[in-house]
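Now for the letters of each chain:
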Amino acid sequence: MLRLLTLFVFLVLFASPLSATPSLDPALHERIGLVTTDKGRYAPGDTATARITLRSSNAPFRGTLVATLFRNAEEIAQGRRSVEIDAEAVVAEFPFIVPPSDLRGYRIDVTLVDANGRSVDQAFGSVDVQSGALPTRFPRQCWISRWGEDIDAAALLDSQVAWRCNTVQAYANYYRPELAPPPELASWPSLPNRTVSRATIRSVIAAAHARGLPVLFFQGTGEAYDDFLRRSTGPSLDQGSFVRACSVARPCTEADLDRSPALPDNWTRYGWQADHLDLFDLCSPGWQAHLLSKSIKPMLDQFGFDGWQADTLGPPAGPRYDLTGQLRDPGACLSAFTSSAQDYLGKPVVVNTVSGWHLADVARDGSQPILYRETWNFDSPSFAALDAITTGIRRDTSRAIVQPAYLQRALATNCARNTAQPGSCAVNLASPLLATALIASAGSTLMNHMDDGCIATGVFIEGYHLPCPPPVTDALLRYKNFEVAYQPMLRDGVTASPLPCALADGTSSASAPAAGHIDLMSRAKPGFQICQVVNLAGIATDRWTDMDGTMPAPTPATDLAMILHYSGAPVQPGTNRLWWASPDMNNGAATDLAYVTGSDAGGNFVRFTLPRLAYWAMIVLETPGLADSDLHANPYEPLSGATFSTAANGIGVADGIAIAACCGRWARFATLQFGETTPRHVHIAYRAEATAQLTLRLDGPTGPVIAVCPLVAPGGEADCPVSGAQGLHDLHIAFDGADIHLQALQFAR
């Protein structure tokens, strides 16, 4: 959420009607209505059931439905089924046993052929494979904001699965921000006075869990209703964040508390539960204890939520003070508070660093399972600024990133007020596709779907949103399925590469995204060199949020001559595959490209032609080395391929893994598969200039400690006992005490 909510109270009064489960555009898909799955994600080896809806037909149709499971360009399995379509729609199901490897994405290619073997329709879906209580490698959150007694939980969650959500954010169902409801209360009003039913919360959570989706309880980190003092249920005034310096001569009152939002009139005029929200100091131990014990933990315990979605309102508008008059940054403890809250709650916490508020603290020092950064037109207005968000986060952490954002908000405001141009009140296609492509290409994901609607165009999720015409819904379904199908090529171990991909006209991945140009992003992971291509040609503005909903489609391109540099041993046509895929073309399929090899001052390269570019295309070169894009590192073999903290001046790779570092710096080894049993010890060979220490942690610089290794100068070898390392994890190694030259590291059972 955000402080600047001035216009949006009005919008909540005119909420969009609930829509049905999304469907493909009938103008583009005469026969296939939707391709989805029975769950939002699966564990390795699970049975994933593809569900294909076939539209009703005026004339009887007889044919064969073919569903094929692909991983990149490799066919994994296929099912065929005879179908008969008459006046009623048909849902055909295809069960696939997914392979036993974790952290995968698969594309479901669906083709309907008639009795003569002629293809009459095609569409595609996807399968998300990632284990764990919370999907932390490829998270894709969606909101649910309707909690009335009339909600069909099963249909609502089927819609979220169709939008490829794998985590539900349970929005706007709290009793009061500072208090959980009494356990005997069957229902209560939300802040904008909508009914929240206890039974509905329970049914939504049950339906989500049945579909493999965890549910996070949405609640702010520092808010209370404005009547909290009169209720005498806590918190206390001395825990507040004040807009002026309080003093004995001029003590502060509730009226001096920071509040949100700043409105020309109060919320109660619209029938809301409070005039405003009072804000509190996140560094106050009393406030922390009250919020966790009286609000967050009781809600998690009463309903079985899977974690806390910790919201903030972003940076304050000016200086803030505590009750004694001391200048305070109310968010200085955001990272530490929400990290430690996980221990108290026994469940994960995801914190919203609105507009990057204390994002660096959370990225560098926090132990939250993912990064969540609400992005706005005013904090990151341009295509280049949008791309820079993920780049900046990657300097501090390898954790997955989710970016909620609201597009075309000015148009939505005008439509809610009935002041828009006739016929303009619908989502414009270009900006959501380009935002999705740019954010995904950079290694993050755009969060933009709510309830069973299309995309969020207003800050109040339960409020008014622009409707999506069928072509927009169709395109966004393709884009979300594309993200899932190729998620190992987009996230989790994919890093920015200094090796350029370039067009023949000189456009290179060294340039930042800019309106009017084709954007190229060079990426790499072991065994793959990747070029993301996003088409901004013909776009006159770099304002990606498209506030007035008028962004045109980019100018299509054909036969683009390209060069992609790569590292390692030379590739060979016929041995090393080069392929491309696009959500805009070829039913999302990975399609081989012919290439020739060469070299120049930049090193080895392949030269090829990209046949077409509408909005987004991905080019992948399979380089010598790992044959499997998702091959996880084996910790029981010598480790290599570390990435390093940006603060580590002088840290780097020499021979072996050879890391020279000191004093609070860290190195990361991605996706180690420890297996079902913890290794007995870790063997280390090193040189040290003085007594030093290595601390080995899982999944982050502040994650669980699995080993502590004291090291003595001048060096040698050491075996350190290990505890608590099972399953799939990143390994972070912190260096303290002196410069350490780490020559070898290997775990042993």
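On to the overall build of the protein, then. Helix and strand content of the protein: 12 helices and 41 strands. Taken over C-alpha atoms, the radius of gyration comes to 27 Å for the protein, in line with the 27 Å a tight globule of 749 residues would show. By principal-axis analysis of the C-alpha atoms, the protein measures approximately 85 × 80 × 50 Å. The buried share of the protein, taken over its 749 residues, is 59%. In the protein, 74% of the contacts between residues at least 6 apart in sequence involve partners at least 24 apart. When the 55 basic and 72 acidic side-chain charges of the protein are each reduced to a single mean position, those positions are 1 Å apart.

Here we take up the layout of surface pockets. By volume, the largest pocket amounts to about 1,100 Å³. Forming the boundary of the largest pocket are 41 residues, of which Leu134, Thr136, Pro369, Asp699 and His729 lie nearest the centre. Listing elements by their share of the lining of the largest pocket, those giving two or more residues are helix H6 (334-345), strand E35 (665-673) and strand E40 (728-736). Among the elements that take part in the lining of the largest pocket, E40 stands out by supplying four residues, more than any other.

Moving on: the packing of helix H2 (residues 153-162) against helix H3 (residues 198-210). Put simply, H2 and H3 touch, their axes get as near as 9 Å, and they point 45° apart. By the criterion of interaxial angle, the relationship of H2 to H3 is oblique. Handedness of the crossing formed by H2 with H3: right-handed. Contacts between H2 and H3 pair Ala153, Ala154, Leu156 and Leu157 from the former with Ser203, Val204, Ala207 and Ala208 from the latter.

One open sheet accounts for five strands, arranged E8-E9-E12-E16-E19; its pairing is parallel. What marks the edges here is a single partner per strand, and that holds for strand E8 (141-144) and strand E19 (349-351). Pairs of neighbouring strands in the sheet enclose a mean axial angle of 30°, with direction left out of account. The strands touched by helix H5 (residues 285-303) within the sheet are strand E12 (215-220) and strand E16 (307-311), with E12 carrying the most contacts at an inclination of about 155°.

With that out of the way, let us pick up the state of the cysteines. Counted according to the given criterion, the structure contains seven disulfides. Note on cysteine connectivity: Cys283 is disulfide-linked to Cys333, with sulfurs 2.2 Å apart. Taking the sign of the torsion about the S-S bond as the criterion, the disulfide between Cys283 and Cys333, at about 105°, is right-handed. One end of the pair, Cys283, is in the loop between strand E15 (277-279) and H5; the other, Cys333, is in the loop between strand E18 (327-328) and H6, and 50 residues separate them in sequence. Cys283 gets classed as buried once you look at its relative accessible area, which sits at 14%. Given a relative accessible area of 22%, Cys333 falls into the partly exposed group.

The next subject is the nonpolar core. Ranked by size, the top nonpolar core spans 187 residues in total, and within it Phe305, Trp308, Met562 and Ile619 carry the most contacts. The greatest single-element share of this core, amounting to eight residues, is contributed by helix H10 (residues 430-442). With sequence-adjacent residues up to four places away left out, Met562 is seen in contact with Ala502, Leu503, Leu520, Cys531, Val533, Val606, Arg607, Phe608, Leu610 and Ile619. Of all hydrophobic cores here, the second largest spans 30 residues; its members include Ala667, Ala692, Ala718 and Leu745.

What follows is about the side chain of Arg176. Its location among the elements puts Arg176 in the loop between strand E9 (167-170) and strand E10 (187-189). Discounting chain neighbours no more than four positions away, the residues touching Arg176 are Gln219, Tyr225, Asp227, Phe228, Arg231 and Ser295.

Turning next to the pattern of salt bridges. Tallying each qualifying case throughout the model produces 23 salt bridges. A salt bridge links Arg62 to Asp86, with the shortest nitrogen-to-oxygen separation between them at 3.6 Å. Residue Arg62 is located in strand E3 (residues 61-71), and its partner Asp86 is located in the loop between strand E4 (74-85) and strand E5 (90-97); the two are separated by 24 residues in the primary sequence. Residue classification places Arg62 among the partly exposed positions, given a relative accessible area of 38%. One salt bridge connects Arg107 with Asp109, and the closest N-O pair in it is separated by 2.8 Å. By relative accessible area, which is 3% here, Arg107 ends up buried. Take Asp109: its relative accessible area is 11%, and that puts it in the buried class. Sharing partners across several salt bridges, the network here consists of Arg62, Glu84 and Asp86.

Let us look at H6. A rise of 1.5 Å per residue sets the reference length of H6, with its 12 residues, at 16 Å; its end C-alpha atoms lie 16 Å apart and thus fit the reference within 8%. Phi turns positive, to about 70°, at Gly346, one or two residues after H6.

Our next topic: the packing of aromatic side chains. On inspection of all chains with the given rule, the structure shows 16 aromatic pairs. Ring centres of Tyr175 and Trp188 lie 6.4 Å apart, and the angle between their planes is 90°; this geometry places the pair in the edge-to-face category. Taken together, the residues Tyr175 in the loop between E9 and E10 and Trp188 in strand E10 connect sequence positions 13 residues apart. Taken as a pair, Tyr175 and Trp188 share a single burial class, namely buried. Taken together, Tyr175, Trp188, Phe217, Phe303 and Phe305 form an aromatic cluster joined through their ring pairs. Sitting over the ring of Tyr636, Arg749 keeps its end group 3.7 Å from the ring centre.

Side chains Thr167 and Gln169 project from E9 onto one buried face, and the interleaved Val168 and Ala170 project onto a second face that is buried too. By the bridge criterion, four bridges tie E8 to E9 in an arrangement that is parallel. Note that in E9 the partner of Trp143 across the bridge is Gln169. Between the parallel pair E8 and E9, the chain is carried across by H2, and the sense of this crossover is right-handed. Judged from the three bridges that link them, E9 and E12 form a sheet pairing that is parallel. Residue pairing for E12: Val168 is matched across the bridge by Val215.

Procedures and definitions
- Residues numbered from 1 in each chain as written.
- Predicted model: local features only at pLDDT ≥ 70, side-chain atom pairs only at ≥ 80, totals over all residues.
- Heavy atoms only, no water.
- Helix = DSSP H or I, 4+ residues; strand = E, 2+ residues; numbered from the N terminus.
- Rg over C-alpha atoms; globule rule 2.2 N^0.38 Å.
- Buried < 20%, exposed > 50% of the residue type's maximum accessible area, 1.4 Å probe, protein only.
- Contact = heavy atoms within 4.5 Å.
- Lys, Arg positive; Asp, Glu negative; His and termini not counted.
- Charge placed at Lys NZ, Arg CZ, Asp CG, Glu CD.
- 1 Å grid on protein atoms, 1.4 Å probe; cavity = no way out; pocket = protein on both sides within 12 Å on 5 of 7 lines; lining within 4 Å.
- Points joined across faces, edges and corners; volume = space filled by probe spheres on them.
- Axes fitted to C-alpha atoms, helices over the stretch in contact; angles between N-to-C directions.
- Parallel < 35°, antiparallel > 145°, perpendicular 65-115°, else oblique.
- Left-handed = near helix turned anticlockwise from the far one by under 90°.
- Pairing = 2+ DSSP bridges.
- Disulfide = S-S within 2.5 Å.
- Core = buried A, V, L, I, M, F, W, Y, C linked by side-chain atoms within 4.5 Å.
- Salt bridge = Lys/Arg side-chain N within 4 Å of Asp/Glu carboxyl O.
- Expected span 1.5 Å × (residues − 1).
- Phe/Tyr/Trp six-rings, centres within 6.5 Å; stacked < 30°, edge-to-face > 60°.
- Lys NZ or Arg CZ within 6 Å of the ring centre and 35° of its normal.
- Right-handed = clockwise from strand over helix to strand, strands pointing away.

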